[in-house]
Amino acid sequence: MPEPALTIASLIRDPSLQQACSRWLLGGRCRMVWVDPSTNPLVELEQRREEFDAVLLEQGALSPEDCRAFGDLGLLMPAVVIGGVGGQIELHEAEVHLPPDQLEQLSYSVDAAVSRYLREGLAGSESSPAGQRTETPDRWKLANRLKGRVGFVGVFYKRDPARFLRNLSQQEREDLIHSLERTYRDLLLSYFRDPAAANQALESFVNTAFFSDLPITKTVEIHMNLIDGFSKQLKLEGHKNDFLQDYRLALLDVMAHLCEMYRRSIPPDAPLTGLPVQASGQPTMA
C-alpha cells in the first residue's frame, strides 16, 4: 500500500466525532494523527511542524487565544473545521468548514483546504515567530512539501479520478449525494438571512462538487428537488410559495463558483487542441 500523501493533525475533542472522521479518511491518501486539544496542542504542533501538512479542528476546541497563536507561531496550515456553518472563522480565511453530519465529504474538504491554502498565498506566511525568524531549508517549507506531495500548484490540477462520483461504489455514491443534499439545504436555508453561513455552505458544496466531478445536471436536480419539497411543505401549511423563485439566485451562485473553479483548474500553459497551426507555429482562427 502506498504511503499516505498527507499527514493531518486532528484536534477533535469528541471521541465519537474523532472515530467518524477516521472512518471517512480510512484508506485514502491521508494519515490522521490525534493531538489532544485539552493539553497544550500548540506545543506539540510546533515541535512536530515538519510532520504535519494540515489540521482537522473541531469548532470551539481551541480558545480564541490559542487560535490567534497559530499565526503568531507560524503554524498556519490547511485547515478543515468540523462544526456548524455560521460564518465564524477559527484559524484563517482559507479554512474549509464542514458540518459533522456531512463527513462523507471530508476527504474532498481536505483537498479543498490544501488548494485554498496554496491559492490564497498563506503558504508565504509560514515562518517562525516574530523576532525568531530563521532560514528554513526549502525542502521543509510547507508549501513546497504540499506541492511535492499532491502535485504541481496543489491538488487543483491533481484531482483523484478514483474519488469521482462515477467511480465510487453504489453505496458510496448514495452517501455522497445525500451529504451534498444536506449541504445544499443548509445553503438555501441561510442564503438570504445569513450570508456568511450561506457562503460557507456554498463553498463546501462547490468544493465537493468539483473534486468529485459532480455532473452539472445532478446539481440542478438537487436544487429542483429541494425547492419542490419546500413548495409542497409550504402549501400544506397554507403559506404562499411564490418567493421560492428567488432561490434561483442560489443555483446561479453555485454555477458561477463552479465555473470559476474549473477555469482555475486549467494550467496556464495548457496547449490548445483542434486549432490549425500556421507555418510560423502560431495557431489561427481563420
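Coordinates for the structure precede this section.
For every chain, the first residue of its written sequence is number 1, and the numbers climb from 1 along that sequence. It should be noted that, the model being predicted, local features are given only for residues of pLDDT at least 70 and side-chain atom pairs only at 80 or more, the latter also being counted only at that level, while totals for whole chains, interfaces and linings use all residues. The side-chain figures draw on all heavy atoms in the structure; neither hydrogens nor water molecules are used.

Visitor: When you look at the overall build of the protein in this model, what are you seeing that I'm missing?
Guide: Scanning the protein for helices and strands turns up 9 helices and 5 strands. A run of H or I in DSSP becomes a helix once it reaches four residues, and a run of E becomes a strand once it reaches two; helices and strands are each numbered from the N terminus. Counting from the amino terminus, helix and strand elements in the protein follow one another as β-α-β-α-β-α-β-β-α-α-α-α-α-α. Only protein chains enter the accessibility calculation, which uses a 1.4 Å probe; a residue is then buried when its area is under 20% of its type maximum, exposed when over 50%, and partly exposed in between. In the protein, which comprises 286 residues, the proportion classed as buried is 46%. What makes two residues a contact is simply this: any of their non-hydrogen atoms within 4.5 Å. In the protein, once contacts between residues fewer than 6 apart in sequence are set aside, the share between residues at least 24 apart is 71%. Under the convention used here, a 1.4 Å probe and the Shrake-Rupley method define accessible areas, while residue burial counts only the protein chains that appear. For the protein, the exposed area adds up to about 15200 Å²; of that, 53% sits on carbon and sulfur atoms.

Visitor: Honestly, the environment of D194 in this entry has me stumped. Any pointers?
Guide: With respect to the helices and strands, the residue D194 is situated in the loop between helix 6 (170-190) and helix 7 (195-211). Look at D194 and you get partly exposed, because its relative accessible area is 30%. In this structure the C-alpha to C-alpha distance between D194 and G87, which are 107 residues apart in sequence, comes to 8.3 Å.

Visitor: What is the right way to look at the packing of aromatic side chains in this model?
Guide: Two numbers describe a pair of aromatic rings. These are the distance of the centres and the angle of the planes. Any two of the Phe, Tyr and Trp rings considered here, Trp counted by its six-membered ring, make a pair once their centres fall within 6.5 Å; the pair's planes then place it as stacked at under 30 degrees, edge-to-face at over 60, or tilted in between. Here the structure, examined in full by the defined rule, presents 6 aromatic pairs. Note on F192 and Y247: the rings are 5.0 Å apart at their centroids and 80° apart in plane angle, and the pair reads as edge-to-face. Of the two residues, F192 is situated in the loop between helix 6 and helix 7 and Y247 in the loop between helix 8 (216-236) and helix 9 (248-264); the sequence distance between them amounts to 55 residues. The buried category is assigned to Y247, whose relative accessible area is 14%.

Visitor: So what exactly am I meant to see when it comes to the packing of helix 6 against helix 7 here?
Guide: Two measures define how a pair of helices packs: the angle their axes make with one another and the distance between the axes. Under this scheme, a helix contributes an axis fitted over its contacting stretch, all axes are lines through C-alpha atoms, and angles between N-to-C directions fall in the 0 to 180 degree range. Orientation of helix 6 relative to helix 7, taken along the N-to-C sense of each, is 155°, at an axis distance of 8 Å. It follows that helix 6 is roughly antiparallel to helix 7 by the angle criterion. Like other packed secondary-structure pairs, helix 6 and helix 7 cross with a definite hand, here left-handed. Contacts from L176, L180, T183, Y184, D186, L187 and S190 of helix 6 reach helix 7 at P195, A197, A198, A201, L202, S204, F205 and T208. Throughout this entry, Asp, Glu, Lys and Arg are counted as charged residues, while Ala, Val, Leu, Ile, Met, Phe, Trp, Tyr, Cys and Pro are counted as nonpolar. The remaining residues, Gly among them, count as polar. In terms of residue class, the contact of helix 6 with helix 7 is built from 10 nonpolar, 4 polar and 1 charged. Throughout this description, any angle smaller than 35 degrees is read as roughly parallel, any larger than 145 degrees as roughly antiparallel, any in the 65 to 115 degree range as roughly perpendicular, and the remainder as oblique. Note on convention: near helix rotated counterclockwise from far helix by under a right angle means a left-handed crossing. Clockwise means right-handed.

Visitor: Is there a simple way to think about the sheet that holds strand 5 (residues 96-98) in this case?
Guide: Neighbouring strands of a sheet are bound in pairs by backbone hydrogen bonds; such pairs are parallel or else antiparallel. We call two strands paired when DSSP finds no fewer than two bridges between them. Read across the open sheet, the 5 strands follow the order 2-1-3-4-5; overall the sheet is parallel. Every interior strand has two partners, whereas the edge strands, strand 2 (30-34) and strand 5, have only one. Across the sheet, the axes of successive neighbouring strands diverge by a mean angle of 25°, strand direction being ignored. In terms of strand pairing, strand 3 (residues 54-58) meets strand 4 (residues 79-82) through 4 bridges, oriented parallel. Counterpart to L57 in the pairing with strand 4 is V81.

Visitor: Looking at this structure, how should I read helix 7?
Guide: In this analysis, the expected span of each helix is defined as 1.5 Å times one less than the number of residues it contains. Between its terminal C-alpha atoms helix 7 stretches 24 Å, which fits the 24 Å expected from 17 residues at 1.5 Å a residue. Taken across its 17 residues, helix 7 has 13 buried, putting it largely inside the fold. Immediately downstream of helix 7, the backbone of D213 shows phi near 55°, a positive value.

Visitor: Even after reading the chapter, I still don't get the pattern of salt bridges, so can you show me in this structure?
Guide: Where charged atoms of side chains with opposite charge meet at close range, the side chains can pair. For this document, the term salt bridge refers to a Lys or Arg side-chain nitrogen within 4 Å of an Asp or Glu carboxyl oxygen. Overall, the coordinates contain 17 salt bridges when judged by the stated rule. In this structure, D101 engages R182 in a salt bridge whose closest nitrogen and oxygen atoms are separated by 4.0 Å. Taken together, the positions of D101 in the loop between strand 5 and helix 4 (106-119) and R182 in helix 6 put the pair 81 residues apart, joining distant regions of the chain. For R182, a relative accessible area of 27% puts it in the partly exposed group. Among the ionic pairs, E104 bridges to R182, the shortest N-O distance being 3.0 Å. Of this pair, E104 sits in the loop between strand 5 and helix 4 while R182 sits in helix 6, and the two are 78 residues apart along the sequence.

Visitor: What's the story with the nonpolar core in this structure? I'm lost.
Guide: Generally speaking, a soluble globular protein has its nonpolar side chains buried in company with each other. Throughout, nonpolar core names a set of buried Ala, Val, Leu, Ile, Met, Phe, Trp, Tyr and Cys residues whose side chains join them through atoms within 4.5 Å. Membership of the largest hydrophobic core comes to 55 residues, with the highest contact counts inside it found for I82 and Y184. Not counting the four nearest positions on each side in its chain, I82 is found in contact with I12, L17, C21, L56, L57, E58, Q59, L98, P100, L103 and L106. Ranked by size, the runner-up nonpolar core spans 20 residues in total, among them V35, V55, A69 and L75.

Visitor: I would appreciate a short explanation of the pairing of strand 3 in the present structure.
Guide: Across a regular strand the side chains alternate sides, sitting on one face of the sheet and then on the other. For strand 3, a buried count of 5 out of 5 residues is recorded, marking the element as mostly surrounded by other parts of the structure. Along strand 3, one buried face is formed by A54, L56 and E58 and the opposite face, lined by V55 and L57, is buried too. The pairing of strand 1 (residues 6-11) with strand 3 spans 4 bridges and is classified as parallel. The residue of strand 3 that forms the bridge with A9 is V55.

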